[in-house]
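# Reading the structure
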Amino acid sequence: MYSILTISESFDNDLFDISLDIATIKAFGYDALPLAVNNCTRLEVASAMNEVFANGTSHPDAINIGILTENNVVLGVAERLKRYKAHTIVIDPALISEDGSVLVTEEVFNNLSSKLYPLATILTPNPYELELLAGMEVHSEEDLIKRVKVNWESVMNPTSSGRVDNPGTYTVTYTPG
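Every value quoted in this text rests on a predicted model; they were computed, and no experiment measured them.

Reading the values: the criteria
Residues numbered from 1 in each chain as written. Predicted model: local features only at pLDDT ≥ 70, side-chain atom pairs only at ≥ 80, totals over all residues. Heavy atoms only, no water. Buried < 20%, exposed > 50% of the residue type's maximum accessible area, 1.4 Å probe, protein only. Helix = DSSP H or I, 4+ residues; strand = E, 2+ residues; numbered from the N terminus. Pairing = 2+ DSSP bridges. Right-handed = clockwise from strand over helix to strand, strands pointing away. Contact = heavy atoms within 4.5 Å. Axes fitted to C-alpha atoms, helices over the stretch in contact; angles between N-to-C directions. Salt bridge = Lys/Arg side-chain N within 4 Å of Asp/Glu carboxyl O. Phe/Tyr/Trp six-rings, centres within 6.5 Å; stacked < 30°, edge-to-face > 60°. Polar contact = N/O pair within 3.5 Å; in protein donor to acceptor, adjacent residues only side chain to side chain. pLDDT = per-residue confidence, 0-100.

Here strand β3 (residues 62-65) shows a buried face lined by Ala62 and Asn64 and a second buried face lined by Ile63 and Ile65. Relative to β3, strand β1 (residues 3-8) runs parallel, the two sharing 4 bridges. The residue bridging Leu5 from the neighbouring strand is Ile63, located in β3. Bridge analysis of β3 against strand β4 (residues 89-91) gives 3 bridges, and the strand direction is parallel. Residue Asn64 lies in a different strand from β4, and its bridge partner there is Val90. Read from β3 through helix α3 (residues 71-83) to β4, the crossover connection turns out right-handed.

Below, the structure written as structure tokens:
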């Protein structure tokens, strides 16, 4: 059976609860390998990820990353993903909530952007996060494609662009370059 490692901080609310990721993964028939990283040191993150990747029976087929608000965690996760040459990495940036509240510090954002996001196969930003990552307001798919090519071309290669599903919603698929 396929397994998905889900890495996230977990809070007692409906938006950031790792149990929601676990339930979704299981609903699609996959094994969930949860790693809650609240208040973890870089060493604790590395140790936990070493256990997952070193164990041949539970080596994940994909990785899902949710909210990470601590630099130790961001850096630890990025280091281990590189070390184990992880693939199929889906990241929900979780930078800004749907109501526009900022969830991370500028330092965490910079580390996410420079260390973790370049490892992603797929990023799933909400509209606020999309504009932050693009560095501009995004009014059309053309705006998005233009900005993403400028910002990410050294790291990711656009393989296809999707259609506008809903106003303000764009789908673009990138593969590591």
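Additional details are given in the paragraphs that follow.
On to the sheet that holds strand β5 (residues 122-123). Pairing is parallel across the open sheet formed by 5 strands, whose spatial order is β2-β1-β3-β4-β5. Edge strands, defined here as strands with exactly one partner in the open sheet, are β2 (31-36) and β5. Contacts from helix α1 (residues 18-27) reach β1, β2 and β3, with the element oriented near 165° to β2.

In total, this model carries 1 salt bridge according to the counting rule given. Residues Glu79 and Arg42 are paired through a salt bridge, measuring 2.1 Å at the closest nitrogen-oxygen approach. With a gap of 37 residues between them, Glu79 in helix α3 and Arg42 in helix α2 (residues 42-54) connect regions that are remote in the sequence.

Two aromatic rings, taken as a pair, are described by how far apart their centres are and by the angle between their planes. Summed over all chains, the structure comprises 2 aromatic pairs. Pairing Tyr2 with Tyr30 gives two aromatic rings, centres 6.3 Å apart and planes at 65°, and the pair type is edge-to-face. A residue pair is termed long-range when its members are at least 10 positions apart, and Tyr2 in the segment before β1 and Tyr30 in the loop between α1 and β2 qualify at 28 residues. For Tyr2, a relative accessible area of 55% puts it in the exposed group. Between the aromatic rings of Phe53 and Tyr84, the centroid separation amounts to 4.9 Å while the plane-to-plane angle is 5°, which identifies the pairing as stacked.

Here we come to the environment of Asn111. Checked against the element boundaries, Asn111 lands in helix α4 (residues 106-116). Spatially, the C-alpha atoms of Asn111 and Glu70 are 9.8 Å apart, while their sequence positions differ by 41 residues. Leaving out residues up to four positions away in the same chain, Asn111 has contacts with Asn71, Val74, Leu75 and Leu116. Of the polar contacts made by the side chain of Asn111, one reaches the side chain of Asn71; its length is 2.7 Å.

One non-glycine residue, Asn39, adopts positive backbone phi at about 50°. Within the secondary structure, Asn39 is located in the loop between β2 and α2.

With that settled, consider the confidence of the model for the chain. Here the chain averages 79 in pLDDT, while 76% of its residues score no lower than 70. Note on residues 151-177: pLDDT is under 50 here. Beyond four places in sequence and across chains, it has 55 contacts.

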